[in-house]
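Fold and geometry: a report
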Amino acid sequence: RGSHGSSGKIETLIRPLTWIDIAFSAGYKPIRNKEAWFVNVADPLDPARTVAIFGDRDTDEFDLTLRGTVTFARDLTLQIYSQVFLAKGHYANIRQLTAPSAFKPFAYTGNPDFNGKSFNTNVVLRWEYLPGSTLYLVWSQARRGEGDDYFTSLSSNFRDTFKVPSDNVLLLKISYWWSL
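Residue positions are given per chain, counted from 1 along the sequence in the order it is written. Since the coordinates come from a predicted model, pLDDT governs what is reported: local features require at least 70, and pairs of side-chain atoms require 80 or more to be given and counted, while whole-chain, interface and lining totals use all residues. As a rule here, side-chain values cover all heavy atoms of the structure and leave hydrogens and water aside.

Further remarks concern the overall build of the chain. Helix and strand assignments follow DSSP, with helices taken as H or I runs no shorter than four residues and strands as E runs no shorter than two, numbered in order from the N terminus. Of the regular secondary structure elements, the chain holds one helix and nine strands. A radius of gyration in this sense is built from C-alpha atoms; the matching globule rule multiplies 2.2 Å by the number of residues raised to 0.38. Against the compact-globule benchmark of 16 Å for 180 residues, the chain has a radius of gyration of 23 Å, which places it well outside the compact range. For the chain, the spread of C-alpha atoms along the three principal axes comes to 70 × 40 × 30 Å. Only protein chains enter the accessibility calculation, which uses a 1.4 Å probe; a residue whose area is less than 20% of its type maximum is buried, one above 50% is exposed, and one in between is partly exposed. Put simply, the chain has 180 residues, and 33% of those count as buried. Sequence-distant contacts, at least 24 apart, represent 63% of the contacts inside the chain between residues at least 6 apart. For the chain, the exposed surface amounts to about 11500 Å²; the carbon and sulfur share of it is 59%. Each charge class in the chain was averaged separately, 20 positive and 18 negative side chains, and the resulting centres sit 3 Å apart. Whether two residues are in contact is decided by their heavy atoms, any of which lying within 4.5 Å being enough. Only the protein chains shown count as cover for residues, and the accessible areas themselves come from Shrake-Rupley with a 1.4 Å probe. Charged residues are defined narrowly, with Lys and Arg counted positive, Asp and Glu counted negative, and His plus the chain ends left uncounted. Charged side chains are reduced to one point each, which is NZ for Lys, CZ for Arg, CG for Asp and CD for Glu.

Spelled out as structure tokens, the structure:
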């Protein structure tokens, strides 16, 4: 039904020293005029019946990713992964599905738009203290926020991502290899 999209991604790998790798990537994916379902509602003519509501959706996705590895020794490394992901969508031409591939206009009173923000980070210290036996110390942070204002700027969404409360987890895993 006339939808169109594109995507672009830039990646770079920096190796300032032989034992340090840092990779950056940034991607953007806009999709326009995609026919999409967004909600089921009670039929205005028969409230006991449910009808599917569709619209033409415009979406924008943006991600910024950082990966890094520091190799202190063959048996000791530090790995870092961090990503900001933003996705927002706007619906227009709201309509009700009446039959397969048949629609009629629908006066939807809510706001089906969405604006999601997330930031995830993992830091892993790996130490192989004996051949086949490894200790992992992991810190993970996750932030996730939702909204319904499609028209918020990318820079505002990016800043607001870091204002969302975080969930932090610290894990320790020790494995020991038994030689039989």
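Still more to cover.
Right, let's talk about the nonpolar core for a bit. For this analysis, a nonpolar core means a set of buried residues of the types Ala, Val, Leu, Ile, Met, Phe, Trp, Tyr and Cys, connected via side-chain atoms within 4.5 Å. With eight residues, the main nonpolar core is built from Ala-36, Phe-38, Val-41, Val-51, Ile-53, Tyr-91, Ile-94 and Phe-106. Listing elements by their share of this core, those giving two or more residues are strand S3 (20-42), strand S4 (50-73) and strand S5 (76-99). It is S3 that provides the largest number of residues to this core, a total of three residues. If sequence neighbours within four positions are ignored, Tyr-91 has contacts with Ala-36, Trp-37, Phe-38, Gly-55, Asp-56, Arg-57, Pro-112, Asp-113 and Phe-114.

The set of residues buried in helix H1 (residues 154-161) consists of Ser-156, Asn-157 and Thr-161. On an axial view of H1, the arc spanned by its buried residues comes to 140°, and they lie on one face. Buried residues along H1 sit in contact with S5, strand S7 (114-130) and strand S8 (133-147). What the arc measures is the spread of directions leading from the helix axis to the C-beta atoms.

With respect to the helices and strands, the residue Asn-168 is situated in strand S9 (residues 166-174). Residue Asn-168 is classed as partly exposed on the basis of its relative accessible area of 45%. For the pair Asn-168 and Trp-139, spaced 29 residues apart in sequence, the C-alpha separation works out to 7.3 Å. Non-local contacts of Asn-168, meaning those with residues more than four positions away in its chain, are made with Trp-139, Ser-140 and Gln-141. Within the structure, the side chain of Asn-168 is placed 3.2 Å from the side chain of Trp-139, a separation counted as a polar contact. Within the structure, Asn-168 has its side chain in polar contact with the side chain of Ser-166 (distance 3.1 Å). Here a polar contact is recorded for every N or O atom pair within 3.5 Å, except that within protein the pair must consist of a potential hydrogen donor and a potential acceptor, and residues adjacent in sequence are included only if both atoms are side-chain atoms.

What follows is about the pairing of S9. Where burial is concerned, little of S9 is hidden: zero out of the nine residues are buried. Note on pairing: two strands pair once DSSP finds at least 2 bridges between them. Bridge count for S8 against S9 is nine bridges, and the pairing is antiparallel. Considered in S9, the bridge of Leu-137 is made with Leu-172.

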